[in-house]
Amino acid sequence: MSQDGAEWTATRVRTLHDDLVDLYGPVETTEAHGADPDRDPAEGVRQLLTTILSQNVADQNTARASENLFDTYADFAAIEAAEVAELAEVIRVAGLPETKATRIQRALSAIREETGGAYSLAFLDAMPTAEAKAWLTDIKGIGPKTASVVLNFHFGKPTMAVDTHVERVSKRFGLVPESASNARAHDVLDSVVPDELTYPLHVLLIEHGRTHCSARNPDCDNPVCAAYCDCEGC
Ligand code: SF4
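Calculation notes
Residues numbered from 1 in each chain as written. Predicted model: local features only at pLDDT ≥ 70, side-chain atom pairs only at ≥ 80, totals over all residues. Heavy atoms only, no water. UniProt positions renumbered as here; feature names shortened; annotations may be inferred. Helix = DSSP H or I, 4+ residues; strand = E, 2+ residues; numbered from the N terminus. Expected span 1.5 Å × (residues − 1). Buried < 20%, exposed > 50% of the residue type's maximum accessible area, 1.4 Å probe, protein only. Arc of directions from axis to C-beta. Contact = heavy atoms within 4.5 Å. Phe/Tyr/Trp six-rings, centres within 6.5 Å; stacked < 30°, edge-to-face > 60°. Lys NZ or Arg CZ within 6 Å of the ring centre and 35° of its normal. Axes fitted to C-alpha atoms, helices over the stretch in contact; angles between N-to-C directions. Nonpolar A, V, L, I, M, F, W, Y, C, P; charged D, E, K, R; others polar.

> When you look at the UniProt feature "domain: HhH-GPD" (unreviewed entry) in the protein in this model, what are you seeing that I'm missing?
When the UniProt feature table is mapped to this numbering, "domain: HhH-GPD" (unreviewed entry) covers residues 53-211. End C-alpha to end C-alpha, residues 53-211 measures 25 Å, and it is 64% helix and 0% strand.

Structure below.
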């Protein structure tokens, strides 16, 4: 197994993708995924706020917090202007409520200042991916995963979101060095994964992490692992 990801080429990543598809089936992209010039510009902002809410919490709590947030406030201006303590109460189910309330207001403020008043992330669409990612991660509390979720899922830009499953499986396959930080894992995967596979491979690696490659007691008896993993202990 490679310790630095050096043996992984775009061709081998494509083969891995195809082998994962054989195991789990093809990844469908929905109308909500990728760039769409007709889409409401507010959707990108909603995606960003929901992704902030999702940091370090289960999906169902994210959904409840997001629903509370958008049901409670009439618009983004009201969210930005709310008392932090009040906003924190509204999103409390997502955990880290004060921290996330502050991040949300900081993000809305940055967007409004960038656009001159509009709550829209449409300007990111015209930016190269690295520039768009840098704009988002310059906002304190927005890391590479949150930025990549917004840019990849909403704008269809080629950057891979590396959650805990993607990071663990990528390291066990030798796609990413074992010692890499999450930020480094993003950079490594963005450099080796072909653009068109950033979204489907993200989904498939999560599926593999959930189905076979759990953090403890992985079930290693599957054809993909027979071909790609020789990590110690499995
Ligand atoms: S062989 Fe086991 S530990 Fe290695 S990636 Fe597969 S499930 Fe995970």
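> Would you mind going over helix H1 (residues 10-24) with me for this structure?
In an α-helix, one full turn covers 3.6 residues, which means residues spaced three or four apart are oriented alike. In a regular helix each residue adds 1.5 Å, so 15 residues correspond to 21 Å; H1 covers 21 Å between its end C-alpha atoms and thus fits that length. Buried within H1 are the following residues: Val13, Leu16, His17 and Leu20. The buried residues of H1 occupy one face: seen down the axis, they fall within an arc of 100°. The outward face of H1, more than 90 degrees from its buried face, is lined by the exposed residues Thr11 and Asp22. At its buried positions, H1 is contacted by helix H10 (182-192), helix H11 (198-211) and helix H12 (223-228). Directly after H1, the chain includes glycine 25, whose backbone phi takes a positive value near 90°.

> Even after reading the chapter, I still don't get the packing of aromatic side chains, so can you show me in this structure?
The description of two aromatic rings rests on the distance between their centres and on the angle between their planes. Following the criterion strictly, the structure yields 5 aromatic pairs and no others. Aromatic side chains phenylalanine 173 and tyrosine 228 sit 6.0 Å apart centroid to centroid with 45° between the ring planes, which places their arrangement in the tilted category. Highlighted residues: phenylalanine 173 in the loop between helix H9 (164-172) and H10 and tyrosine 228 in helix H12, separated in sequence by 55 residues. No difference in accessibility class separates phenylalanine 173 from tyrosine 228, as the two residues are buried. A connected cluster of aromatic rings, assembled from ring pairs, spans Trp8, Phe173 and Tyr228. Across the ring face of tryptophan 8, the terminal group of arginine 12 is positioned such that the distance to the ring centre comes to 4.1 Å.

> Would you mind going over the packing of helix H8 (residues 144-154) against H10 with me for this structure?
At a closest axis distance of 9 Å, the pairing of H8 and H10 adopts a crossing angle of 40°. Here Pro144, Lys145 and Ser148 of H8 lie close against H10, whose contacting residues are Asn182, Ala183 and His186. Taken together, the residues of the contact of H8 with H10 break down into 2 nonpolar, 3 polar and 1 charged.

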